[in-house]
Each structure stands twice: as structure tokens, then as C-alpha cells.
Amino acid sequence: MTFEHQGLIFRHDRWPDERVTGTLRAALDADLYTVLAVSDERVDGLVSALSEAEGARVRVVERERLYASPGRALASLHRLAANRSDEPVLVVAEPPSPPEGSLEAREWRRWESVLCTALAPTRMRLMCVHDERSLSARERAAVIATHPMLVGADGPYPNPSYLGAAAFGARPAAPEPLAVKGPVHRLEIGPSLPRLRRELTALVEAAGLPFEQVERMVTAVNELAANVLEHGAGKGGVHVWRAADRWVCDVSDESGGPIDPLTGYRPSDDLRPRGYGLWITRQICDFLEISGGGEGSLMRLHFLDRRVEGLRFDDGRPFSP
């Protein structure tokens with residue numbers, strides 16, 4: 001078994017209990033390590049349809065914790081597969097549904113588009129369940145384009161409309177526009193990373209960045225600045241500012257920088273310094289945008305106004321069994 005990414009779009013006014021429960025039961029019969037991450041109101045109905053012994057073997061994870069951010073979600077799936085390398089894994093999950101056209105919606109679709117590459121070495125089946133009532137025609141098309149297997153009434157079947165990373169792989173010339181709420185704080189990237197870390201720490205503390213976010217932002221910027229110095233133009237800038245519901249940090253490189261907006265998602269990137277730094281950065285921030293052209297690149301880090309806690313199963317165990 002290798003990684004398999006399935007999409008289930010149900011078209012009725014009720015949750016497809018029979019179909020999902022049947023998938024769970026078949027996975028348990030085949031001794032797959034089985035994880036369920038759907039909306040709270042749907043968990044009880046699915047688990048109660050199983051026998052007591054079957055239900056006890058399903059690990060329930062809070063949906064919001066699994067999908068805390070694209071980078072952390074991918075890292076969690078990687079860890080789950082790595083820690084269960086002796087047995088195949090099934091994850092049935094209900095992805096987030098951000099507002100259509102939003103940065104969040106695009107980045108989650110971009111994340112789904114690269115999963116077959118990012119998780120290719122793993123023995124995992126990920127079934128993503130989507131309620132068609134919450135999908136516009138554009139969003140439905142995006143779901144179809146990012147799942148190589150679809151689940152119908154008779155089970156999974158190959159999706160001829162699958163595009164994979166090509167669906168969202170183009171790098172935009174500029175990041176999504178965001179309204180600035182307050183002053184923009186600027187720093188230069190120079191040859192001394194320790195100095196940049198000290199200056200950025202003092203700047204964001206004075207600007208009012210929440211305490212738990214300071215270390216995360218400084219660590220992420222350090223990773224990106226190291227890429228600028230070692231693999232880019234050797235100089236650039238850091239701009240920190242407040243948007244309506246988040247803190248934003250732009251790290252610019254005066255050279256072209258990475259041309260792939262999916263850098264840092266693929267496991268092969270871990271072997272290259274630039275990819276490894278972005279792998280770490282994607283897990284630290286909530287969203288990462290990569291944009292630019294041949295004359296420069298921009299990495300935009302988003303830190304939402306919410307505290308991110310450790311991912312755990314519903315009984316309190318860490319999601320790294």
C-alpha cells in the first residue's frame with residue numbers, strides 16, 4: 001500500500017453515514033490504523049454505527065487541531081505515518097471550508113494538490129469528505145482537480161479530471177492584498193543573523209505581538225533570512241505589520257528566489273537547505289505565500305490571532321502514537 005488520496009463529495013441532505021462507516025469497518029477488518037477527524041456533531045453518529053469493539057479501535061482527532069494550518073497538518077500526517085510504519089493507516093477527514101476566494105481557501109486547495117507527492121512514500125489512505133452544499137461550482141472543481149481518486153456509490157474510482165500540483169502550482173507575481181492596520185516596521189537583512197534576531201525580537205515585542213507568537217516569528221524569519229544569505233541575493237528586507245485578524249511578516253529577497261510556491265511541502269525538499277527552511281517555516285506560521293518574479297521574491301508569513309495548541313486525540317493522547 002502506498003499513499004492514496006480520495007475525495008468524497010456527497011450530494012444529499014444528510015451525512016453519508018453508511019458509506020463512511022463502511023469504509024471505517026473495512027479498514028478495521030483489514031487491520032488498518034484508523035483515524036477519524038470530522039466535525040464534532042458527526043463523530044457520534046459514525047462511531048455509534050460501529051460495534052463497541054470496532055468503535056474502540058477508531059482514534060478520533062479534533063478536526064480543528066488536525067487542520068490548524070497547512071504546514072502543521074502535513075507534518076502531523078507525516079508523523080502519523082512514520083510512527084505507524086509497521087502498518088497501513090486510514091484517515092477519514094473533513095477539510096476546512098474557508099470563504100470562497102479567500103487566501104485561506106486557496107492555500108488549503110494548494111495543500112491538497114500536493115499531498116500525493118508530499119506523502120507518496122507513506123502507507124496511508126486519506127479520504128477527504130466534502131459536503132456539496134458548502135461548495136460553490138469553483139470550489140467543487142478545485143476538490144475534483146486535487147483528488148486522484150473519487151468515492152462514488154460503488155466505492156473509489158480513478159478521477160480523470162485530476163490535475164495534482166499543476167492545479168495550483170503557478171507562482172503569483174504578488175501576494176494577496178491585505179489592509180494594513182497600523183505602522184509598517186522595517187528591518188534590513190544583513191550578514192549577521194544573530195543581530196537580525198535581536199532586532200526583530202525587540203521590534204515585535206514593542207509593536208505588541210503576543211508573547212507566544214514572538215519566538216515563532218523570529219524563528220521563521222531566521223530560516224528565511226538564512227536562505228536569502230546563502231542561496232539568494234545576500235540581501236533583502238523584513239517588513240512586519242498588523243492586518244485585521246493577524247500579524248503579517250514579509251521577507252523579501254532581491255534575487256528571484258524559489259520559483260515553486262509549493263516548496264517546503266515535498267519530502268525531497270527536506271534534503272535541500274532552502275526546502276528544509278521552508279518546511280520548518282510552514283509549520284511555524286499559519287499560512288505562507290510565495291510570490292515574485294525574476295527580479296525578486298517575497299515570502300509572506302501569516303500569524304493568526306489564535307493560540308495553537310498541541311494536536312491530541314480526543315482522549316488526550318498526543319497525535320504521534
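Up top you'll find the structure we're talking about.
### Describing the overall build of the protein
Right, so step 1: The helix and strand tally for the protein stands at 10 helices and 12 strands.
Right, so step 2: The buried share of the protein, taken over its 321 residues, is 54%.
Right, so step 3: Long-range pairs, those at least 24 residues apart, make up 72% of the contacts in the protein between residues at least 6 apart in sequence.
Right, so step 4: Here the protein displays about 14200 Å² of accessible surface, and carbon together with sulfur accounts for 51% of that area.

### Looking at the layout of surface pockets
Right, so step 1: Estimated volume of the second largest pocket: approximately 220 Å³.
Right, so step 2: The wall of the second largest pocket is formed by Glu100, Gly101, Ser102, Ala105, Arg106, Arg109, Arg138, Glu139, Ala142, Phe168 and Glu176.
Right, so step 3: Listed by contribution, the elements that provide at least two residues to the lining of the second largest pocket are helix H6 (103–118) and helix H7 (137–145).
Right, so step 4: In terms of residue class, the lining of the second largest pocket is made up of 3 nonpolar, 2 polar and 6 charged.

### Brief notes about a negative patch on the surface
Right, so step 1: A surface patch of like charges, here negative, comprises Asp40, Glu41, Asp44 and Glu64.
Right, so step 2: If one sorts the elements of the negative patch by residue count, helix H2 (residues 40–48) sits on top with 3 residues.
Right, so step 3: Mapped onto the fold, Asp40 is located in helix H2.

### Considering the pairing of strand E4 (residues 89–93)
Right, so step 1: Across the 5 residues of E4, 5 count as buried, placing the element largely inside the fold.
Right, so step 2: Burial along E4 is two-sided: the face carrying Val89, Val91 and Ala93 and the face carrying Leu90 and Val92 are both buried.
Right, so step 3: Where strand E2 (residues 33–37) lies against E4, 5 bridges are found, and the strand directions are parallel. Bridge assignment links Ala37 to a residue of E4, and that residue is Ala93.

### Some points on empty space enclosed by the protein
Right, so step 1: Applying the stated criterion across every chain, the model contains 2 cavities of 30 Å³ or more.
Right, so step 2: In terms of lining, the second largest cavity is formed by Pro70, Gly71, Glu107, Tyr265, Arg282, Cys285, Asp286, Phe287 and Leu288.
Right, so step 3: Elements that contribute at least two residues to the lining of the second largest cavity include exactly helix H5 (70–83) and strand E11 (287–293).
Right, so step 4: Taken together, the residues of the lining of the second largest cavity break down into 5 nonpolar, 1 polar and 3 charged.

### Regarding the side chain of Thr23
Right, so step 1: Along the polypeptide, Thr23 turns up in helix H1 (residues 17–29).
Right, so step 2: Looking at Thr23, the relative accessible area reads 15%, which means it is buried.
Right, so step 3: In terms of polar contacts, Thr23 uses its side chain to reach the backbone carbonyl oxygen of Arg19, at 3.0 Å.
Right, so step 4: Beyond its immediate sequence surroundings of up to four residues, Thr23 is in contact with Leu90 and Met127.

### Quick word on the sheet that holds strand E9 (residues 236–242)
Right, so step 1: Strand order in the open sheet formed by 5 strands is E8-E9-E10-E12-E11, with antiparallel pairing between adjacent strands. Of all strands in the sheet, those with a lone pairing partner are strand E8 (185–189) and E11, marking the two edges. Ignoring strand direction, the axes of neighbouring strands in this sheet form an average angle of 15°.
Right, so step 2: Bridge analysis of E8 against E9 gives 5 bridges, and the strand direction is antiparallel. From the neighbouring strand, Leu187 faces E9, where its bridge partner is Val238.
Right, so step 3: Its contacts with the sheet put H6 on strand E10 (246–253), E11 and strand E12 (296–304), and the angle it makes with E11 is roughly 90°.
Right, so step 4: Packing of helix H9 (residues 211–231) onto the sheet brings it into contact with E8, E9, E10 and E12, and relative to E12 it is tilted by some 170°.

Parameters and conventions
Residues numbered from 1 in each chain as written. Predicted model: local features only at pLDDT ≥ 70, side-chain atom pairs only at ≥ 80, totals over all residues. Heavy atoms only, no water. Helix = DSSP H or I, 4+ residues; strand = E, 2+ residues; numbered from the N terminus. Buried < 20%, exposed > 50% of the residue type's maximum accessible area, 1.4 Å probe, protein only. Contact = heavy atoms within 4.5 Å. Areas by Shrake-Rupley, 256 points an atom, 1.4 Å probe, with all protein chains shown as cover. 1 Å grid on protein atoms, 1.4 Å probe; cavity = no way out; pocket = protein on both sides within 12 Å on 5 of 7 lines; lining within 4 Å. Points joined across faces, edges and corners; volume = space filled by probe spheres on them. Nonpolar A, V, L, I, M, F, W, Y, C, P; charged D, E, K, R; others polar. Patch = residues over 30% accessible without salt bridge, like charges linked within 9 Å, V, L, I, M, F, W, Y side chains within 5 Å. Salt bridge = Lys/Arg side-chain N within 4 Å of Asp/Glu carboxyl O. Lys, Arg positive; Asp, Glu negative; His and termini not counted. Charge placed at Lys NZ, Arg CZ, Asp CG, Glu CD. Pairing = 2+ DSSP bridges. Polar contact = N/O pair within 3.5 Å; in protein donor to acceptor, adjacent residues only side chain to side chain. Axes fitted to C-alpha atoms, helices over the stretch in contact; angles between N-to-C directions.

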